[in-house]
Amino acid sequence: MKQKDFLHTFKNNKFVFKYIWKLTPRRVLFDLIKNILHTVFFFFEQTYVYKFVIDSIQFKRPFYHVVLYMAALFMGWLILNRGTDLYETYYREKDEMKISKNILFEVYERAAVIDLIHYDKKEFYDDYVLNIKNIKERFFATYNSIISMISAVAGIVLYGGFIISADVFGIVLIFITIIIQYLLNRKSNKINFQRTMDLCPIDRVRNYVKRVFYLGDYASELRMGNISSKFFELNRTTTEDSIKLIKKSAKRLMPIDFINTFVMDNIAFDVIYILYLSYRSLILKVMSYGTIISLIRSQWSFTGSIGSLTSELTRMHENSMYIDKYKEFLAMKPMIKNGSDTLNNEKIEQIELKRVCFSYEKEKPVLNNISLKINKNEKVAFVGHTGAGKTTLSNILLRLYEIDSGEILINNKPIESIRLDSYRSRFSALFQDFYLYSASVKENIALDVTTDEARLAEAIRLSGFEEKFLTFERGADTQLTKEFDNQGVNLSGGEIQKLSLARAIYRDSDVIIMDEPSSALDPIAE
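If you're wondering where the values come from, they're calculated on a predicted model, not measured in any experiment.

**Student:** For the pairing of strand 1 (residues 350–361), give the residues involved together with the corresponding values.
**Tutor:** Taken together, the eight bridges between strand 1 and strand 2 (residues 364–375) define a ladder with antiparallel strand orientation. Each bridged residue has a counterpart across the sheet, and for E361 the counterpart in strand 2 is K364. As consecutive antiparallel partners, strand 1 and strand 2 are separated by two residues, and within that stretch E363 has a phi angle of approximately 65 degrees, a positive value. Examined bridge by bridge, strand 1 and strand 3 (residues 405–410) share five bridges and lie antiparallel to one another. By the bridge assignment, C357 is partnered in strand 3 with S405.

**Student:** For the packing of aromatic side chains, give the residues involved together with the corresponding values.
**Tutor:** Per the counting criterion, the structure on display carries 23 aromatic pairs. The interplanar angle of 35 degrees and the centroid separation of 4.9 Å between the aromatic rings of Y423 and F427 together place this pair among those described as tilted. Through a chain of ring-to-ring contacts, three or more aromatic side chains come together here, namely F43, F44, Y48, F52, Y69, Y159 and F162. A cation over an aromatic ring shows up here: R138 above the ring of Y322, its NZ or CZ 3.9 Å from the ring centre. Above the face of the F15 ring, K327 is positioned so that its terminal group lies 5.0 Å from the ring centre.

**Student:** Lay out the layout of surface pockets with the relevant residues and their values.
**Tutor:** The space that makes up the second largest pocket amounts to roughly 850 Å³. As for the second largest pocket, its lining consists of 27 residues, and the residues nearest its centre are E378, K379, V380, I512 and I513.

**Student:** Tell me about a positive patch on the surface, residues and numbers included.
**Tutor:** Positive charge collects at one region of the surface, where K11, K14, K18 and K327 lie side by side. With three residues, helix 1 (residues 3–23) is the single largest residue contributor to the positive patch. What makes K14 partly exposed here is its relative accessible area of 44%.

**Student:** Account for helix 2 (residues 25–46), with residues named and values stated.
**Tutor:** Taking 1.5 Å of rise per residue, the 22 residues of helix 2 would be expected to cover 32 Å, and the 31 Å separating its terminal C-alpha atoms lies within 8% of that figure. The set of residues buried in helix 2 consists of R27, V28, F30, D31, N35, T39, F41 and F43.

**Student:** Break down the packing of helix 14 (residues 453–463) against helix 16 (residues 493–506) for me, citing the residues and quoting the values.
**Tutor:** Helix 16 packs onto helix 14 with a crossing angle of 130 degrees between their chain directions and a minimal axis gap of 8 Å. Taken together, the axis directions place helix 14 and helix 16 in an arrangement best described as oblique. The two elements helix 14 and helix 16 meet at a crossing, and its hand is right-handed. From helix 14, R455, L456, A459, I460, L462 and S463 reach across to helix 16, where they touch K498, L501, A502, I505 and Y506.

**Student:** Which residues make up the sheet that holds strand 1, and what are the values?
**Tutor:** In spatial order, the strands read 2-1-3-4; together these four strands make up an open sheet with antiparallel pairing. Taken across any chain shown, the strands that pair with only one partner, and hence form the sheet edges, are strand 2 and strand 4 (413–414). As defined by bridge partners, strand 3 adjoins strand 4 across two bridges and the pair is classed as antiparallel. The residue bridging I410 from the neighbouring strand is K413, located in strand 4. On the sheet, helix 11 (residues 390–397) packs against strand 1, strand 2 and strand 3 and is oriented at approximately 120 degrees with respect to strand 1.

**Student:** Describe the pattern of salt bridges, listing the residues and the values that go with them.
**Tutor:** When the charged atoms of two side chains with opposite charge come close together, those side chains can pair. According to the stated counting rule, one finds 22 salt bridges in the structure shown. In this structure, D85 engages R82 in a salt bridge whose closest nitrogen and oxygen atoms are separated by 3.5 Å. With D85 and R82 both in helix 4 (residues 63–90) and three residues apart, this pair spans about one turn of that helix. Under the relative-accessibility criterion, R82 is labelled exposed at 54%. The closest approach of N and O atoms between K468 and E495, which form a salt bridge, is 3.9 Å. Residue K468 is located in helix 15 (residues 466–469), and its partner E495 is located in helix 16; the two are separated by 27 residues in the primary sequence.

**Student:** An account of the pairing of strand 6 (residues 511–514) is requested, with residue identities and associated values reported.
**Tutor:** Only one face of strand 6 is buried, namely the one carrying V511 and I513, since none of I512 and M514 on the opposite face is buried. Where strand 5 (residues 427–430) meets strand 6, four bridges bridge the pair, whose relative direction is parallel. Looking at strand 6, one finds that A429 is bridged to I513.

Cut-offs used in this document
- Residues numbered from 1 in each chain as written.
- Predicted model: local features only at pLDDT ≥ 70, side-chain atom pairs only at ≥ 80, totals over all residues.
- Heavy atoms only, no water.
- Pairing = 2+ DSSP bridges.
- Helix = DSSP H or I, 4+ residues; strand = E, 2+ residues; numbered from the N terminus.
- Phe/Tyr/Trp six-rings, centres within 6.5 Å; stacked < 30°, edge-to-face > 60°.
- Lys NZ or Arg CZ within 6 Å of the ring centre and 35° of its normal.
- 1 Å grid on protein atoms, 1.4 Å probe; cavity = no way out; pocket = protein on both sides within 12 Å on 5 of 7 lines; lining within 4 Å.
- Points joined across faces, edges and corners; volume = space filled by probe spheres on them.
- Patch = residues over 30% accessible without salt bridge, like charges linked within 9 Å, V, L, I, M, F, W, Y side chains within 5 Å.
- Areas by Shrake-Rupley, 256 points an atom, 1.4 Å probe, with all protein chains shown as cover.
- Salt bridge = Lys/Arg side-chain N within 4 Å of Asp/Glu carboxyl O.
- Lys, Arg positive; Asp, Glu negative; His and termini not counted.
- Charge placed at Lys NZ, Arg CZ, Asp CG, Glu CD.
- Buried < 20%, exposed > 50% of the residue type's maximum accessible area, 1.4 Å probe, protein only.
- Expected span 1.5 Å × (residues − 1).
- Axes fitted to C-alpha atoms, helices over the stretch in contact; angles between N-to-C directions.
- Parallel < 35°, antiparallel > 145°, perpendicular 65-115°, else oblique.
- Left-handed = near helix turned anticlockwise from the far one by under 90°.
- Contact = heavy atoms within 4.5 Å.

The values are spatial; any link to function lies outside them.
Structure representation (structure tokens):
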């Protein structure tokens, strides 16, 4: 790994370690102490015990030495296991939930303020889905890699120190393979990362197909036509594409795994090293029987620790690439300028657009030199064919997009000078694509966890939703949709639109923007 790559990987892994330490230092301390002590006890139980016991027999040491040795091991394991059980029972799940909640909250919080224009970009969806899907697991994987690496270092010190004290050649043989295995593992991790990135857009399509057959929104149309065959085909083709990508990466991984496991592990260590030790013990007679057996077991554990260290280093490099995605996502800066002025108690008297231009893609203008004035109490209709830019113009007035050029004034003030929260609080919007949340009626109307009951009742009455509302046994606390509550209520398209209108009325703002507000209503309701 190049020095620059190594330092970057180290910084990303340090970032994760400090992140988790800040949230749950208890978890970090426990994992460090447990893993290091486990390595130490394992050395004395599974490796050094053979030298101690066999040498005691060979050199006729007192039996009680062996008894004391085994008793000390038993007590050490007993204390470690009881401490582990205590933490696992009372604290681990709580600590993991705290970490998971914080990680996902940061992703959700950033997604809630990212400019709307990003949602029109495929690359954004790929990065966002990748973060939502994998970031929590990658955080824990990175943290676990760090803990495992520290445990591996403890093993290297213990087993390596024992091997050096008894025979130096074993260390030379081991370090020759370390570099080879490290390079092979790093290569395989790059292949795995690229496979994950290539699968991401395919998984996005597969997840969409899953939603089509899972959500009730599509159930009626699926049964009225043959559109389902399209999604069956999409599922088939994306599955085939996934299999092709997996096979392609598997072909590249197979020779790497063969060299890594068979050549380096089986030939280099299990054959050459054991023959060498047997020669020194049986022919030269320069080692005790207990030392030979312990050296063989030390070699296995030492190479295991080395393999674990190299694997964790390369795995940390792979995880670092995901952490980069996470940090890039959180570092996305809003394009919409947030001013410092507030409207305070000032009512919106006039909105003026001067030569406003906007485009989603360069050289493909949607709005071109739009100029108009809207005064207080005026009702203005934007009329045009589908795709003319009516919804885009509404979104620009709501400051959901930043214009390319021109100027928008509120009471002769440039909107860029006004704080976004102050500006948007003066607008209500009934969007063309309106959605219900799996929440109560009052939360769906107020779009808040707190509700003004008088305003809520007035909004329900004026929107025409009152007739349906009066049928709810739990009133405003009635849950909408059955996503989380079997007693929840599913609304018709027209009823949803009336509820959406109640949202706009409840906000009690200076300006109401309605984008096809009656498209789902019957003529009488309209």
